[in-house]
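# Understanding the architecture of this molecule
The lines below spell out each chain.
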Amino acid sequence: LLAAQDYLGAVSLMRKHKVDMNLLVDFDPAAFFRDTIPAAADSENRPAGSNLLLTQLDKHGPHLLSLFIASLRNDSVRDCLYHFAPSPPHSSPTTDWAALAASTGKAVEGKGARGVEEEVGKTTKVNAVCDLLTEAIRARADPKLRACMVLTFVRRHPPRVEEALMHLQGTEEDEASHGLEVLMGLVEPSNVWDTALGLYDLGLTALVARISGRDPREYVPLLEKLSQMPDRECCFEIDMMLKRYGKAVMHAVKGGDNMWGKAREVMEQNGLYTVAIQNLRRFPERRAHLEEALRLYAAYLGERGEHKLAGLVYKTAGLNFEATGELQQDAGSWEAAMLLLHEQANLTEPQLQRRSYDMAEALRLAGDSRGAARLYLDYCADVDEGVAALSEGR
């Protein structure tokens, strides 16, 4: 039956005799992929009669397809269970599922950044088959197959819970409920809750909570509070709850002047200066906040000993020497200040030396004898004062 491409008849016999449904794939992987290519994507490079699998199984509703997807496993049942089965003509065993998918014209561009398995290792059988079925189901655009689509997302490794939930967004409540029941049968409900909340879809999150049996006293007040907030503030609060601090900074920056205080606090607590700076650059009217973020970032770099980079950031912020009085007395930033001094082409050598003396004295008074000594020795060529500074430190 499989050699004759009678998938419905084969599945019926498999269920009757309790044969592992993975044999649909393992009997002839190349033929299976060829027969499951989305019909809408057929072209002169793809064989006629594509998408035979879904066309045949759909005659009995989505139940058979769901059973097949749920039964998928990575090992070959031909090798471990049915090694006595005859081999199809012109077939050869394959373990390179990515190459097999490519050879049948199956495109994987839809996965984008979430195609983790292609980036970090070999594509597995389950992932390759789920990718193929996702495209085939999407091409049919049949609401009855929505739960099957959810299965193709969560049967992968790692499961793509977010994509499964996105597929359920905007659907009727009955359809979404059925899809969520399937999803939470395979994924920890708390994980589904966090992911739904992370999509900022409060309606879907409430549905997840209700289906998973969460205590209404726990989630109803929370969702009501979030629903009354402006969009950016709501997103910020959700990101903070989920400890997604980078996204929290992004939403707080986009929330305008009123949320800058929150953005700055999270930025400083988690060292997310570049996230804030990148987002602030998109708003010319936020120049003052951008300069503040740059100065805070430069100070942070100075404290970490990255003085050259700190000096470049100060320069980016438009900070000239006249505005660096705080740098002169900061033990972590005086090197950045010296870099800024050297960037000023209008300073003569005597002027640079005079400024170096001033900075060394400021550091000396602040108790940074080592920094003062370096300035005396390296920039002022004053060995006597350098030794005196070091002596004071001891």
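Structural data are supplied above this passage.
Our subject in this report is the structure included herewith. (Residues numbered from 1 in each chain as written. Predicted model: local features only at pLDDT ≥ 70, side-chain atom pairs only at ≥ 80, totals over all residues. Heavy atoms only, no water.)

## Focus on the overall build of the protein
A count of helical and extended segments in the protein gives 26 helices and zero strands. Considering only contacts within the protein whose residues lie at least 6 apart along the sequence, 58% involve residues at least 24 apart. If you sum the accessible surface of the protein, you get close to 20,200 Å²; carbon and sulfur atoms cover 51% of it. (Helix = DSSP H or I, 4+ residues; strand = E, 2+ residues; numbered from the N terminus. Contact = heavy atoms within 4.5 Å. Areas by Shrake-Rupley, 256 points an atom, 1.4 Å probe, with all protein chains shown as cover.)

## With respect to the nonpolar core
With 66 residues, the main nonpolar core has Leu-65, Phe-68, Leu-165, Leu-180, Leu-183 and Val-192 as its most contacted residues. Ignoring anything within four residues of it in the chain, the contact list for Val-192 reads Val-161, Leu-165, Leu-180, Leu-183, Met-184, Val-187 and Val-208. If you look at the next biggest cluster of nonpolar residues, it comprises 25 residues, including Ala-248, Tyr-273, Ala-293 and Val-313. (Core = buried A, V, L, I, M, F, W, Y, C linked by side-chain atoms within 4.5 Å. Buried < 20%, exposed > 50% of the residue type's maximum accessible area, 1.4 Å probe, protein only.)

## A closer look at unusual backbone geometry
The omega angle of the peptide bond from His-157 to Pro-158 is -5°, so this bond is cis rather than trans. Its place among the elements puts Pro-158 in the loop between helix H10 (146-154) and helix H11 (161-168). Its identity as a non-glycine residue notwithstanding, Lys-18 has a phi of 55°, on the positive side. Position of Lys-18 relative to the elements: it lies in the loop between helix H1 (7-17) and helix H2 (23-26). Positive phi outside glycine occurs at Ala-141, with the angle close to 50°. You can see Ala-141 is positioned in the loop between helix H9 (125-140) and H10.

## Brief notes about the environment of Asp-26
In this structure, Asp-26 sits in helix H2. In sequence terms Asp-26 and Asp-75 are 49 residues apart; their C-alpha atoms lie 9.0 Å from each other. With residues near it in sequence (within four places) discarded, Asp-26 still touches Asp-75, Ser-76, Val-77, Arg-78, Trp-97 and Lys-125.

## Some points on the packing of aromatic side chains
Between two aromatic rings, the relevant description is the distance of the centres plus the angle of the planes. Enumeration over the complete set of coordinates arrives at six aromatic pairs. Judged by centre distance (5.6 Å) and plane angle (20°), the ring pair of Tyr-273 and Tyr-297 falls under stacked. Residue Tyr-273 is found in helix H19 (residues 273-280), and its partner Tyr-297 is found in helix H20 (residues 287-303); the two are separated by 24 residues along the sequence. Residue Tyr-273 is classed as buried on the basis of its relative accessible area, which comes to 5%. Judged by its relative accessible area of 16%, Tyr-297 falls in the buried class. Grouped by ring-pair contacts, the aromatic residues Phe-32, Phe-33 and Phe-68 constitute a single cluster. (Phe/Tyr/Trp six-rings, centres within 6.5 Å; stacked < 30°, edge-to-face > 60°.)

## Description of H20
Compared with the 24 Å implied by 1.5 Å per residue over 17 residues, the 24 Å span of H20 between its first and last C-alpha is a close match. If you check which residues of H20 are buried, you get His-289, Leu-290, Ala-293, Leu-294, Tyr-297, Ala-298, Leu-301 and Gly-302. Following H20 by one or two positions, Gly-305 adopts a phi angle in the positive range, close to 85°. (Expected span 1.5 Å × (residues − 1).)

## Regarding the environment of Asp-75
Following the sequence through the fold, Asp-75 ends up in the loop between helix H5 (63-71) and helix H6 (77-80). Given a relative accessible area of 35%, Asp-75 falls into the partly exposed group. Among all residues touching Asp-75, those that are not within four sequence positions of it are Asp-26, Cys-80 and Lys-125. In terms of polar contacts, Asp-75 uses its side chain to reach the side chain of Arg-73, at 2.7 Å. (Polar contact = N/O pair within 3.5 Å; in protein donor to acceptor, adjacent residues only side chain to side chain.)

## Digging into the pattern of salt bridges
Enumeration according to the criterion identifies 19 salt bridges in this entry. Asp-215 is the salt-bridge partner of Arg-217, the closest N and O atoms lying 3.0 Å from each other. Judged by relative accessible area, which is 70%, Arg-217 ranks as exposed. Here Arg-244 makes a salt bridge to Asp-239, at a shortest N to O gap of 2.8 Å. We classify Asp-239 as buried; its relative accessible area is 0%. Each member of the salt-bridge network shares a partner with another, and the members are Asp-131, Arg-156, Arg-160 and Glu-163. (Salt bridge = Lys/Arg side-chain N within 4 Å of Asp/Glu carboxyl O.)

## Quick notes on a nonpolar patch on the surface
Together, Leu-377, Val-383, Val-387 and Leu-390 make up an exposed nonpolar region whose accessible area comes to about 320 Å². Tallying contributions element by element places helix H26 (residues 383-393) first for the nonpolar patch, with three residues. Here Val-383 shows up in helix H26. (Patch = residues over 30% accessible without salt bridge, like charges linked within 9 Å, V, L, I, M, F, W, Y side chains within 5 Å.)

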